[in-house]
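# Secondary and tertiary structure notes
Listed below, chain by chain, are the residues.
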Amino acid sequence: MLAEKIRDAKSVVIFTGAGMSTESGLPDFRSSHGVWQNVNPSEVATIEALNNNVTQFFEFYRTRVLGVREYQPNQGHYILAKWANEGLVSTIITQNVDGFHTAAGAPEVLELHGTLRTVHCQTCGKKYSNVMYEKQTYYCQCGGTLRPSVVLFGEFLDEHVMFKATVKSEKSTIFIVLGSSLTVSPANYFPELAKQHGAYLVIVNAEPTPLDAIADEVIQHERIGAFLTRMDEEITQLRKQR
Ligand code: APR
């Protein structure tokens, strides 16, 4: 029983993708209603786009900033934050840039792809609130271009975040993927790394993923919010029995 495994595990690592936030109202990227169904990522989410297609870059990221400012964490984010604060979860590794895990109160969130919560100047590095994009203010006081603090396609991920995510994945005894197609590297390396180091790998995702074959459990029929609510209820029951 998975709830029992989670309750008794030495180190549970949660790994989330855009599917974690669809129940908050934010679209994911690759399912039938995903962001990339209408926009070509290479035209808006790359350094080339920032340098050569800046109007479309600004418009795309302004829409995404408005989304994360309008929508809120969902019940699943709050359950994960509770588990993390209780010590049931060792860390949350996320590909998401919406900041919802932190907003829900999670103590440690490893944001592999950065965050839409802030923008920073390409020239001087000065950081601003993402409200600048809401106000369509796209340039720094120094004259430099402001860009969201996300990792654009083709850019390197933060090495400190990568190092911490590697250590946590290697040490995990249960590694639970929530809402990711596991098609983007190097993020999709972590579930595999955890499995190689002996973790019990669980993938909760509405569609098949390339790592389903190596997973110990694949849950496709249950949406993430319902899965987390059920797990939380089962763990609470198990604790009463002790
Ligand atoms: N419950 C379960 N699964 C869900 C739910 C839900 N409520 N909502 C969506 N999903 C599943 C979708 O079926 C899809 O397979 O979540 C998965 C999300 O996959 P992607 O849209 O590919 O998102 P993600 O894996 O996070 O993308 C990784 O790609 O574009 C880049 O930087 C971006 O971080 C992103 C990265």
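Note that the structure is predicted; figures quoted are calculated from it, not measured.

### Digging into the overall build of the protein chain
Each helix and strand counted, the protein chain has 10 helices and nine strands in total. Whereas a compact globule of 242 residues would reach a radius of gyration of roughly 18 Å, the protein chain reaches 18 Å, a difference of no more than 12%. Once the C-alpha set of the protein chain is aligned to its principal axes, its extents read approximately 60 × 35 × 30 Å. Across the 242 residues in the protein chain, those meeting the buried criterion constitute 51%. Put simply, 64% of the contacts in the protein chain that link residues at least 6 apart link residues at least 24 apart. Accessible surface computed for the protein chain: about 11,500 Å², of which carbon and sulfur atoms make up 50%. Side chains of the protein chain carry 22 positive and 26 negative charges; the gap between the two charge centres is 6 Å.

### Let's talk about the UniProt feature "binding site: Zn(2+)" (unreviewed entry) in the protein chain
According to UniProt, the positions carrying the feature "binding site: Zn(2+)" (unreviewed entry) are Cys121, Cys124, Cys140 and Cys142. In sequence the annotated residues extend across 22 residues, while in space they remain close, none of their C-alpha pairs exceeding 8.5 Å. Of note, Cys124 is situated in the loop between β4 (114–121) and β5 (127–129). Excluding residues within four positions of it along the chain, Cys142 makes contact with Cys121, Thr123 and Cys124.

### Quick notes on the site of the ligand
What surrounds the ligand is a group of 21 residues, the closest being Glu23, Phe29, Arg30, Ser180 and Ser181. A distance of 2.7 Å separates an oxygen atom of the ligand from a polar atom in the backbone of Phe29. Computed on the free molecule, the ligand has an accessible area of 740 Å², of which 94% lies beneath the protein chains in the complex. Here the shell around the ligand is composed, by residue class, of seven nonpolar, nine polar and five charged. Shared between two domains, the shell around the ligand holds at least three residues of each, these being domain 1 (1–26 + 73–113 + 158–242) and domain 2 (28–70 + 115–150).

### So, helix α9 (residues 189–196)
One turn of the α-helix equals 3.6 residues, which is why residues spaced by three or four share an orientation. All of the buried residues along α9 are Phe190, Pro191, Leu193 and Ala194. Viewed end-on, α9 has its buried residues packed into an arc of 160°, placing them on one side of the element. Residues of α9 that are buried make contact with β1 (12–16), α8 (159–171), β7 (174–178) and β8 (200–204).

### With respect to the UniProt feature "active site" (unreviewed entry) in the protein chain
The UniProt record annotates "active site" (unreviewed entry) at His113. Here His113 shows up in the loop between β3 (109–111) and β4. Those residues within four positions of His113 in sequence are excluded, and the remaining contacts are Thr94, Gln95, Val97, Val150, Val151, Leu157, Val184 and Ala187.

### Quick word on the environment of Leu152
Looking at the element boundaries, Leu152 is found in the loop between β6 (146–150) and α8. Separated by 110 residues in the primary sequence, Leu152 and Ser42 have C-alpha atoms spaced 9.5 Å apart. For Leu152, the residues in contact, after removing those within four places along its chain, are Ala45, Thr46, Ile47, Phe57, Tyr61 and Arg147.

### Section: the side chain of Ser149
By the element assignment, Ser149 lies in strand β6. At 2.8 Å, the side chain of Ser149 forms a polar contact with the side chain of Thr118. Not counting chain neighbours up to four residues away, the residues in contact with Ser149 comprise Gly114, Thr115, Thr118, Val119 and His120.

### Some remarks on the pairing of β7
Across the five residues of β7, five count as buried, placing the element largely inside the fold. Across the two faces of β7 the burial is the same, with Ile174, Ile176 and Leu178 and Phe175 and Val177 all buried. Relative to β7, β1 runs parallel, the two sharing five bridges. Across the sheet, the residue bridging to Val12 is Ile174, located in β7. Relative to β8, β7 runs parallel, the two being bridged by five bridges. Bridge pairing in β8 places Ile176 opposite Val202. Note on the crossover from β7 through α9 to β8: the handedness is right-handed.

Definitions and cut-offs
- Residues numbered from 1 in each chain as written.
- Predicted model: local features only at pLDDT ≥ 70, side-chain atom pairs only at ≥ 80, totals over all residues.
- Heavy atoms only, no water.
- Helix = DSSP H or I, 4+ residues; strand = E, 2+ residues; numbered from the N terminus.
- Rg over C-alpha atoms; globule rule 2.2 N^0.38 Å.
- Buried < 20%, exposed > 50% of the residue type's maximum accessible area, 1.4 Å probe, protein only.
- Contact = heavy atoms within 4.5 Å.
- Areas by Shrake-Rupley, 256 points an atom, 1.4 Å probe, with all protein chains shown as cover.
- Lys, Arg positive; Asp, Glu negative; His and termini not counted.
- Charge placed at Lys NZ, Arg CZ, Asp CG, Glu CD.
- UniProt positions renumbered as here; feature names shortened; annotations may be inferred.
- Near = heavy atom within 4 Å.
- Polar contact = N/O pair within 3.5 Å; in protein donor to acceptor, adjacent residues only side chain to side chain.
- Nonpolar A, V, L, I, M, F, W, Y, C, P; charged D, E, K, R; others polar.
- Domains from an automatic or database assignment.
- Arc of directions from axis to C-beta.
- Pairing = 2+ DSSP bridges.
- Right-handed = clockwise from strand over helix to strand, strands pointing away.

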